[in-house]
Amino acid sequence: MHQHLLGEALVEALERRTKPPLLIRRRDGWTFKVAAEPDSVLTFDATDAELRRAELGEDGIDRALVALSTALGIETLPPEESTALIEAHHRGIEALPPEFGGWGAVPLAGPEPDPAAVDDALDRGCVGISLPAAALADPAAVERLHPLLARLADRDAPLFVHPGPVTGAVGETCADAAHLPHWWPALTDYVAQMQAAWFAFLHVGRRAHPRLRVLFAMLAGGAPLQLERYAARRGVPAPDPDPLVFYDTSSYGPRMIAAVAATVGAAQLVYGSDRPVVDPRRPRLDPDLRRALVATNPARLLNPDPKGALA
């Protein structure tokens, strides 16, 4: 349900940029510069669609969905910049082999988001829309995005919440973050963002959008495991698991998967590799659980008709 694959159009656009996010070509790949994060390396193989297709076969996966990494901060760039880069992302999805589908993206800068951008992405064949967790950071932020979320619900398409960009806890420039280990944002800022977005949607989003299906990357940072504390601090019983909220397993293994499954139910979990950001190591799971993660549950997330086939 979730990996990243930069198409040729987006690579070229990022190479032309002079400020983050940008790519700098090296002999064996690119240096990726993202605001407030340590530099990272992207190999040429990571953008080779045929090699990535072969990796799907090795993983035993028939189809994968590509998302624009919201950690890049593209959606929140000035409108003229974000629109061009998002268009490049969509063109890249359209050029991929048939084993790949994609999550659309929409610009978020400006006074209020335009739901027509949702229509544009869905009309081009995207299965749904990805949004950065930082854009759903609190109840007011969720309410600001009401037009986008309402349009998704009207179109019967799911929302994918992905971490990023870094919100400022480590600074606002690449230089500020240079002293940090490369994994630092993923273990701190990203986790906090996902938990905040999950609780914001729990608090105000579900009531406003009762039919919207939502997928949270990286098991929502383990947010459902905080429900006992939520109940204690609010003085109310913990809510029952939401059957329209799903959790992608990216970056986690059997221990965390089991804990979240015990909290929300195994029927709400789907498989996400996050490739090429991490090298996915297939967790050793019960065969029935693995089938649920890669087939049964994604079918429910993408197609609400229980008799429907996986899109």
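None of the values given here were measured: they were computed from a predicted structure.

Just checking my understanding: could you explain the side chain of His162 for this structure?
As for its position among the elements, His162 is in strand β7 (residues 159-162). At a separation of 3.4 Å, a polar atom in the side chain of His162 contacts the side chain of His2. Beyond its immediate sequence surroundings of up to four residues, His162 is in contact with His2, His4, Ser69, Thr70, Ala71, Leu131, Pro132, Ala133, Met194, Ala217 and Asp274.

Would you take a moment to explain the pattern of salt bridges for this structure?
Side chains that differ in sign of charge can pair as their charged atoms come close. Enumeration over the complete set of coordinates arrives at 18 salt bridges. One salt bridge in this structure joins Arg25 and Glu15, with 3.1 Å as the shortest N-O distance. Here Arg25 is found in strand β1 (residues 22-26), whereas its partner Glu15 is found in helix α1 (residues 8-16), with ten residues between them in sequence. The exposure class of Arg25 is partly exposed, given its relative accessible area of 48%. When the shortest N-O distance is used, the salt bridge between Arg155 and Asp123 registers 2.8 Å. With Arg155 in the loop between α6 (146-154) and β7 and Asp123 in helix α4 (residues 116-123), this residue pair connects regions lying 32 residues apart in the sequence.

Just to check I follow, could you spell out the confidence of the model for the protein for this structure?
Looking at the protein as a whole, the pLDDT averages 91, with 93% of positions reaching at least 70. When the criterion is pLDDT under 50, residues 169-174 qualifies, and its contacts beyond four places in sequence or with other chains add up to 18 contacts. Low pLDDT, under 50, characterises residues 306-311; the stretch is placed with six contacts to residues that sit more than four places away or in other chains.

Even after reading the chapter, I still don't get the sheet that holds β1, so can you show me in this structure?
Hydrogen bonds between backbone atoms are what pair the strands of a sheet, whose relative direction is either parallel or antiparallel. Read from one edge of the open sheet, three strands run β1-β2-β3, paired in antiparallel fashion. A strand with exactly one partner marks an edge of an open sheet, and here the two such strands are β1 and β3 (40-43). For this sheet the average axis-to-axis angle between neighbouring strands, irrespective of direction, equals 30 degrees. Relative to strand β2 (residues 29-33), β1 runs antiparallel, the two being bridged by five bridges. Following the sheet pairing, Ile24 is matched in β2 by Thr31. Across the sheet, α1 lies against β1 and β2, angled at about 95 degrees from β1, the strand it touches most.

What is the right way to read helix α9 (residues 189-208) from this model?
Since there are 3.6 residues in each turn of an α-helix, residues three or four apart along the chain are aligned in direction. Taking 1.5 Å of rise per residue, the 20 residues of α9 would be expected to cover 28 Å, and the 27 Å separating its terminal C-alpha atoms lies within 8% of that figure. Within α9 the residues assigned to the buried category are Asp189, Tyr190, Val191, Gln193, Met194, Ala197, Trp198, Ala200, Phe201, Val204, Gly205 and Arg206. At its buried positions, α9 is contacted by α5 (139-144), β7, α8 (184-187), β8 (214-216), α10 (227-234) and β9 (245-248).

Thresholds applied
Residues numbered from 1 in each chain as written. Predicted model: local features only at pLDDT ≥ 70, side-chain atom pairs only at ≥ 80, totals over all residues. Heavy atoms only, no water. Helix = DSSP H or I, 4+ residues; strand = E, 2+ residues; numbered from the N terminus. Polar contact = N/O pair within 3.5 Å; in protein donor to acceptor, adjacent residues only side chain to side chain. Contact = heavy atoms within 4.5 Å. Salt bridge = Lys/Arg side-chain N within 4 Å of Asp/Glu carboxyl O. Buried < 20%, exposed > 50% of the residue type's maximum accessible area, 1.4 Å probe, protein only. pLDDT = per-residue confidence, 0-100. Pairing = 2+ DSSP bridges. Axes fitted to C-alpha atoms, helices over the stretch in contact; angles between N-to-C directions. Expected span 1.5 Å × (residues − 1).

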